[in-house]
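# Analysis of the macromolecular model
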Amino acid sequence: MLAVLASYRTLLGKKGAMAITGAALFFFLIGHLLGNIQIFFGPEHLNNYAAFLKSTGEVLWLLRAGVLACFLLHIYSSLLVTVANQQARPQGYAAKRSLETSAAARTMIYTGSMVLLYVIYHLMMFTFLRTGPGYSPHDVYRNVVLSFQQPAISAVYIAAMLLLGAHLFHGAWSMAHTLGLSGPGYKPWRRMVGPAVAAAIVAGYISIPVAVLAGWVR
Amino acid sequence: MKLTLRIWRQDGPRDKGKFVAYPVDDVAEDMSFLEMLDVLNERLTLKGERPVAFDSDCREGICGACGFMVSGVAHGPQKLTTACQLFMRHFKDGETVVVEPFRARALPVLKDLIIDRSALDAIVQAGGFISARTGSAPEANAMLIAKPVADRSMDAAACIGCGACIAACPNASAMLFTAAKVSHLGLLPQGQPERRQRALRMVAKMNELGFGGCSNHGECEAACPKGISIDFIARLNRDYLSGSLFEKPEPLSSV
């Protein structure tokens, strides 16, 4: 146990922490999506699900605390790693050509920061109900429909999900590789499976504002 | 063919350094990049100027002494090739070629294109010894090793320690180098007793020397003249993470 904490002193240990917390947040994203898309089954279905979540009491708070802890450790580690990485090459190249990496991989710290900002806004709107057009704490369905009927709110949501998609495009595979879950046949996982999973998650989330704007969900 | 070389010139470790453009008008396409620099250097010497300093030894792509950035790519545009085996037929007439040293805080520039790679030796040293018996050569079939395992170990052992992986990495990380060194022993039965401890020590040393961390960009694998796969990095991660779960921690200063 002590050795695990000691390993955090190295960049590889910090990356390990980022991969584990990243994986936890990744599974949270899938769980949250499975909850949210119940909006397509009608108001009662979604509101019953929301009521069920609230009825779990301590369990819900435990899960929330876990997600928050993962978020904080993921962000804290990423800042330490980013600073160390920049310090590792004080003088850059006059000419540098990338052969393999992607734009998504090079902008992880930026897409991550934008997603963080959006998560704060998202919590203010749907959890604390402090912003947005007149919400009810008991009618989740109504809250979602009312907000996404406003094109600006939907546009911000879709933009944030695309940034999240860019983050997952690299992150989905990267966390597996960092945890050593990779082998000689890693290329298809990196090029196809990781991005496909990221695209599926993002498409799932974006389908909700699109359905509201199109009038399919009202 | 005619080329313009923009070469990084730096008098010593403390000098600020700058790019100087050198037109070379009679480059033969069968010259290697280093032979072209040799021709340039002879001319500079005749003119009384200081020749361009660069490292080289075997000039057949197996020693790891040479290496610099050629127009933004470590060892130049040809895949699986060191700078000494890079031939001028891969360049276009009239092209401007930027030649600069590998850059990383842990691999400081000594002079022009020469860098100090002793940090790589320090990582290998931190790995320590293996507890295999030495002495006269053992009986060839005393310890059976499956062919695919021996092949994988050899793939890792192909690392020539040139530093291209670090130079190409956006984070100046030495993960591919360290992963190759950890894996060529870690794959063989002789390397098992110290396998995790070796990973812990070498990663700690790499960290202490100021190399960056791995972001899984894959630039190292693309630049490696020996084609060493980042799959070995995943292997190092396994050894390191399982080591940190099951081995006693050592203070960083003892490594």
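Residues numbered from 1 in each chain as written. Chains lettered and ligands numbered in written order. Predicted model: local features only at pLDDT ≥ 70, side-chain atom pairs only at ≥ 80, totals over all residues.

We now examine unusual backbone geometry. Its identity as a non-glycine residue notwithstanding, Leu129(A) has a phi of 55°, on the positive side. Positive phi values are uncommon outside glycine, yet Arg59(B) reaches one of about 55°. According to the C-beta neighbour criterion, Arg59(B) is partly exposed, with 16 such atoms within 10 Å. (Buried ≥ 20, exposed ≤ 12 C-beta atoms within 10 Å, placed from the backbone.)

To continue, consider helix α9 (residues 186-214) of chain A. Here α9(A) is 29 residues long and its end C-alpha atoms lie 40 Å apart, about the 42 Å a rise of 1.5 Å per residue gives. In the core, the buried residues of α9(A) are packed alongside α2 (11-36), α7 (140-148) and α8 (151-178) of chain A together with α8 (231-246) of chain B. In the stretch just after α9(A), Gly215(A) is the one whose phi turns positive, near 85°. (Helix = DSSP H or I, 4+ residues; strand = E, 2+ residues; numbered from the N terminus. Expected span 1.5 Å × (residues − 1). Contact = placed C-beta atoms within 7 Å.)

The next subject is the interface of chain B and chain A. Taken residue by residue, the interface counts 44 residues in chain B and 41 residues in chain A. With 9 residues, the top contributor of residues to the side of chain B that touches chain A is α8(B). Partitioned by chemical class, the residues of the side of chain B that touches chain A number 19 nonpolar, 15 polar and 10 charged. (Nonpolar A, V, L, I, M, F, W, Y, C, P; charged D, E, K, R; others polar.)

What follows deals with the domain arrangement of chain B. Residues and elements named next belong to chain B. Domain boundaries assigned for chain B yield domain 1 (3-110) and domain 2 (117-254). When each unit is reduced to the centre of its C-alpha atoms, the spacing between domain 1 and domain 2 is 29 Å. At the junction of the two partners, domain 1 supplies 18 residues and domain 2 supplies 17 residues. Here the side of domain 1 that touches domain 2 is built from residues that sort into 10 nonpolar, 6 polar and 2 charged. (Domains from an automatic or database assignment.)

Residue and element names in this part refer to chain B. By the element assignment, proline 51 lies in the loop between α1 (33-46) and β3 (69-70). Taking the C-alpha atoms as reference, proline 51 lies 16 Å from phenylalanine 68; in sequence the two are 17 residues apart. Excluding residues within four positions of it along the chain, proline 51 makes contact with Asn41, Leu44 and Thr45.

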